[in-house]
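Residue strings, one per chain:
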Amino acid sequence: METADLIFKIVFVLGVFGVSLVIAMYSTYAERKVAAFFQDRIGPNRAGPFGLLQPLADGVKMFMKEEIIPTHADKALFILGPSIAMLTACMTSVVIPWGSSLIINGKEFVMQITDVNIGILYVFGVVSIGVYGIMIGGWASNNKFSLLGALRASSQMISYELAMGMSIIALVMMTGTLSIREIVESQPGAHWNVFVQPLGFLLFLICAFAETNRTPFDLPECETELVGGYHTEYSSMKLGFYLFAEYINMFISSAIIVCLYFGGYNFPFLNSLGLSHNATAILGTVLMFGKIFFFIFFFMWVRWTIPRFRYDQLMRLGWKILIPLAVLNIVITAVVLLFKYDLWNTSIN
Amino acid sequence: MQLTNRSKVVVRKEMSLAERLYLPAILGGLFITFKHFFRKKTTISYPEVQRQFTPVYRGHHVLKRDEQGRENCTACGLCAVACPAEAITMTAAERKPGEEKLYREEKYASVYEINMLRCIFCGLCEEACPKEAIFLTDKIVHSGYERQGFIFGKDKLVEPVEADKRVDISGRLTAHRKN
Amino acid sequence: MSKIAFFVLAFLSIFSAMMVVFSRKPVHSVLSLIFCFFTIAGHYILLNAQFLAAVHVIVYAGAIMVLFLFVIMLLNLNAESEPHKTSAGKIAAVVSGGLLLLVLVSVLKSTDGLHLSSAPDSQVGMVKNLGMVLYDKYMLPFEVSALLFLTAMIGATMIGKKELD
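A few points on the structure.

The rules we used
- Residues numbered from 1 in each chain as written.
- Chains lettered and ligands numbered in written order.
- Predicted model: local features only at pLDDT ≥ 70, side-chain atom pairs only at ≥ 80, totals over all residues.
- Heavy atoms only, no water.
- Helix = DSSP H or I, 4+ residues; strand = E, 2+ residues; numbered from the N terminus.
- Buried < 20%, exposed > 50% of the residue type's maximum accessible area, 1.4 Å probe, protein only.
- Contact = heavy atoms within 4.5 Å.
- Areas by Shrake-Rupley, 256 points an atom, 1.4 Å probe, with all protein chains shown as cover.
- Phe/Tyr/Trp six-rings, centres within 6.5 Å; stacked < 30°, edge-to-face > 60°.
- Axes fitted to C-alpha atoms, helices over the stretch in contact; angles between N-to-C directions.
- Parallel < 35°, antiparallel > 145°, perpendicular 65-115°, else oblique.
- Nonpolar A, V, L, I, M, F, W, Y, C, P; charged D, E, K, R; others polar.
- Pairing = 2+ DSSP bridges.
- Buried area = accessible area lost by both parts, 1.4 Å probe.
- Salt bridge = Lys/Arg side-chain N within 4 Å of Asp/Glu carboxyl O.
- Polar contact = N/O pair within 3.5 Å; in protein donor to acceptor, adjacent residues only side chain to side chain.
- Left-handed = near helix turned anticlockwise from the far one by under 90°.

### A closer look at the overall build of chain C
And then number 1: For chain C, the count of helices and strands is 6 helices and 0 strands.
And then number 2: Helices and strands in chain C line up, N terminus first, as α-α-α-α-α-α.
And then number 3: Looking at chain C as a whole, 21% of its 165 residues qualify as buried.
And then number 4: Contacts spanning at least 24 positions in sequence make up 57% of the contacts within chain C whose residues lie at least 6 apart.
And then number 5: Summing over all exposed atoms, chain C offers an accessible surface of approximately 12,500 Å²; the carbon and sulfur share of this is 76%.

### Brief notes about the packing of aromatic side chains
To describe a pair of aromatic rings, one takes the distance between the centres and the angle between the planes.
Residue and element names in this part refer to chain A.
And then number 1: Overall, the coordinates contain 41 aromatic pairs over all chains when judged by the stated rule.
And then number 2: Pairing W98 with F289 gives two aromatic rings, centres 5.7 Å apart and planes at 15°, and the pair type is stacked. Of this pair, W98 sits in the loop between helix 3 (75-91) and strand 1 (101-104) while F289 sits in helix 11 (residues 277-303), placing them 191 residues apart in sequence. The two residues W98 and F289 agree in class, both being buried.

### Considering the environment of G42 of chain C
And then number 1: With respect to the helices and strands, the residue G42 of chain C is situated in helix 2 (residues 26-46).
And then number 2: Measuring from C-alpha to C-alpha, the distance between G42 of chain C and S13 of chain C comes to 9.6 Å, with 29 residues separating the pair along the chain.

### A word on the packing of helix 5 (residues 127-137) of chain C against helix 6 (residues 139-160) of chain C
All names here are of chain C.
And then number 1: Relative to each other, helix 5 and helix 6 sit at 90°, their axes nearing to 5 Å. Our classification of the angle between helix 5 and helix 6 gives roughly perpendicular. In this structure, helix 5 uses L134, Y135, D136 and K137 to contact helix 6, whose residues at the interface are M139, F142 and E143.
And then number 2: Considered class by class, the residues forming the contact of helix 5 with helix 6 number 4 nonpolar, no polar and 3 charged.

### Considering the pairing of strand 1 of chain A
Residues and elements named next belong to chain A.
And then number 1: Relative to strand 2 (residues 107-110), strand 1 is paired through 4 bridges, and the arrangement is antiparallel. When the bridges of strand 2 are listed, S101 appears paired with V110.
And then number 2: Adjacent in sequence and paired antiparallel, strand 1 and strand 2 are bridged by 2 residues, among which N105 carries a positive phi angle near 55°.

### Some details on the interface of chain A and chain C
And then number 1: At the junction of the two partners, chain A supplies 20 residues and chain C supplies 23 residues.
And then number 2: With both sides pooled, the region where chain A packs onto chain C buries about 1,900 Å², and carbon together with sulfur makes up 80% of that total.
And then number 3: Interface area lost by chain A to chain C is led by N117, Y132 and W139 of chain A, which between them contribute 29%.
And then number 4: Here chain A and chain C share 1 salt bridge between them.
And then number 5: Salt-bridge contacts for D74 of chain A lead to K25 of chain C; the nearest nitrogen and oxygen are separated by 3.4 Å.
And then number 6: Where chain A touches chain C, the interface holds 4 residue pairs in polar contact (both at pLDDT 80 or more).

### Topic: the pattern of salt bridges
All names here are of chain A.
And then number 1: A full pass over the atoms with the stated rule returns 16 salt bridges over all chains.
And then number 2: Between R310 and D312 there is a salt bridge, with the nearest N and O atoms lying 2.8 Å from each other.
And then number 3: When its relative accessible area of 43% is taken as the criterion, D312 is described as partly exposed.
And then number 4: Residues joined by salt bridges that share partners form a network here, namely E31, R214, E246 and R303.

### So, the interface of chain B and chain A
Many descriptions give the size of an interface as the accessible area lost when the pieces come together.
And then number 1: Contact with chain B, which involves 18 residues of that partner, is made by 17 residues of chain A.
And then number 2: Counting each side, the surface lost to burial between chain B and chain A is near 1,500 Å², with a carbon and sulfur contribution of 68%.
And then number 3: The largest share of the area that chain B buries against chain A comes from L30, F37 and K41 of chain B, three residues that together contribute 36% of it.
And then number 4: Seen at the junction of chain B and chain A, the total is 8 residue pairs in polar contact (both at pLDDT 80 or more).
And then number 5: Of the residues in the side of chain B that touches chain A, the class split is 8 nonpolar, 6 polar and 4 charged.

### Comments concerning the sheet that holds strand 2 (residues 88-94) of chain B
Residue and element names in this part refer to chain B.
And then number 1: The antiparallel open sheet is built from 3 strands, whose spatial order is 2-3-5. The sheet is open, and its two borders are formed by strand 2 and strand 5 (151-152), each paired with just one other strand.
And then number 2: Where strand 2 and strand 3 (residues 107-115) come together, 7 bridges link them in antiparallel fashion. If you follow T89 over to strand 3, its bridge partner there is E113.

### Comments concerning the arrangement of the chains
And then number 1: The structure contains 2 pairs of chains in contact, of which chains A and C account for the largest number of contacts.
And then number 2: No part of chain B reaches chain C; the closest C-alpha pair between them is 24 Å apart.

### So, unusual backbone geometry
And then number 1: Despite not being glycine, S236 of chain A has its phi angle at roughly 60°, a positive value.
And then number 2: Mapped onto the elements of the fold, S236 of chain A is located in helix 10 (residues 236-261).
And then number 3: A positive phi angle, near 55°, is found at F121 of chain B, a position not held by glycine.

### Side note on the packing of helix 5 (residues 144-175) of chain A against helix 8 (residues 198-211) of chain A
All names here are of chain A.
And then number 1: At their nearest, the axes of helix 5 and helix 8 sit 9 Å apart, and the two run at 155° to each other. With respect to their mutual orientation, helix 5 and helix 8 come out roughly antiparallel. Of the two possible hands of crossing, helix 5 and helix 8 adopt the one that is left-handed. Here Q156, M157, Y160, E161, A163, M164, S167 and I168 of helix 5 lie close against helix 8, whose contacting residues are G200, L203, F204, C207, A208, A210 and E211.
And then number 2: In the contact of helix 5 with helix 8, the residues fall into 10 nonpolar, 3 polar and 2 charged.

Any functional reading would require information that these geometric values do not contain.
Here it is, written out as structure tokens:
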């Protein structure tokens, strides 16, 4: 690898890491603000102008709080839990294409950390490990509420992972690739996948809510029944890690939704503006972040609108509704693709 | 037996397809919350902006003095009798010669205590008082950590002698009392 | 570079496999097993089989081991409640384990050496090539295993269904 490449990669990796942390940080602020606005309140406005320093204040609070490890907890696993949660949350951003490419000194730099040819599967792999953070933390606490929360979380995540995977299969059948960059590039301009795969998008969106443990699927930490769910016994920055991981997950799943169904860094008429290559790329990235922010807002919007499901309703929705719908979606896509393929073949001959 | 003619029979009809899809209802809910996003906020930023109290607000009690700075209270005990929560106790004492500047009449309350944990701020003491001695003001009673601190004696109830520190209760005087 | 990675991974996988056997707490055993699966996925990546690695992580580490962990957490097994093993049982375990080792060693010896024919083709593990192989060369075995899965799914549904009586 050349030095220029290496430097760009290092800067880019640090950039992505920093940006996702900052966005997660400000998502906590945004969540409180959005919740307040939906409830006709003002929200945090004391720390700094408009309360913009609130995340810093929260972080300081988290660090200064007393660190408690219960005496009957499994110490090593108790620490391992939030570490895994944070690790898996940060790992997914590796395969997301944040922009097309920049040309510096006549050399092209791709704005993606690495373009794995199995990008989507990588994401699924990481998501499936994410369960362990919650499970280990919940079990190691040696508390029945934590354990119940952990069990709920893991069964919920496994159930919805299936539906999520199946909703993506239809998309993969259409684009013929597992690489996220290629999927993004297959939807130029306004040819976004959401218009051809509306059902798939809906299923994926619902599953994304379930995978990030957000309302209406926040049963693992449902306060009314389980005190604090899997993180009942956690305090200080370990709790902070769990909460922070949730916001990073929200950011990353918004990014993946945007990449898979909303054209990533593509936007109508972006290429016909007559801008230089670099300007187009940067504008594309900015627009992509705009879409991501919309979805983060949407996550919050839904959270403050819809009440939580009951556990049997959650399982019924996952297994009896989403999975059959996903199969239906696959069948329809297959039929349409076959039909189109035949037409295409005959028109060539 | 029918008690009122407003009773309704619960209808458990089959849900229509649109209702069972659940999504239209969610969209409706999202629309409602989104409308609230742009509503006027009801928050009052407390230390800077303070809520306007109604003129009949009943808060912290005050034992009034007259224009010359003498305590109005004569320890008649009508307030204690009127109090439904039995929060008021007092001990009467006779005014000694030389104390005419302190107490308006020959008898005064040497101890006057209100248990703020029992008080329900009904204002009946104020109505019962024949001497215009006790009033409920618009001041908020402070919170505290110990029960002992909530028994307010004369040190917390009697208003200061200084003219500029007097508690204004003119808003609470009823029309016929003002005359 | 890849040689170092291989040795590190190999050490880790053997170490974690040993930990599965030696650790006192069942939950620690399961977690070591999960870690072992990860190192094996790492080996797949070294062999340019990314698809296999990802599927390995998703299916084994992500789904099956979660169920293992589930069961162990619910049973609340720990070192104290472990049943006492008789010495006869221990001897039987040693003998059978030794026999298994013997068989494995003899099988390994009978193969004509573990020759890794240089570096494997970097394209061999790509999804496209794998798909071509599966749906072209090994069509029948693939479909048969799919049928097996279908049967298993139907069986699971039948077991899960409430008794109709």
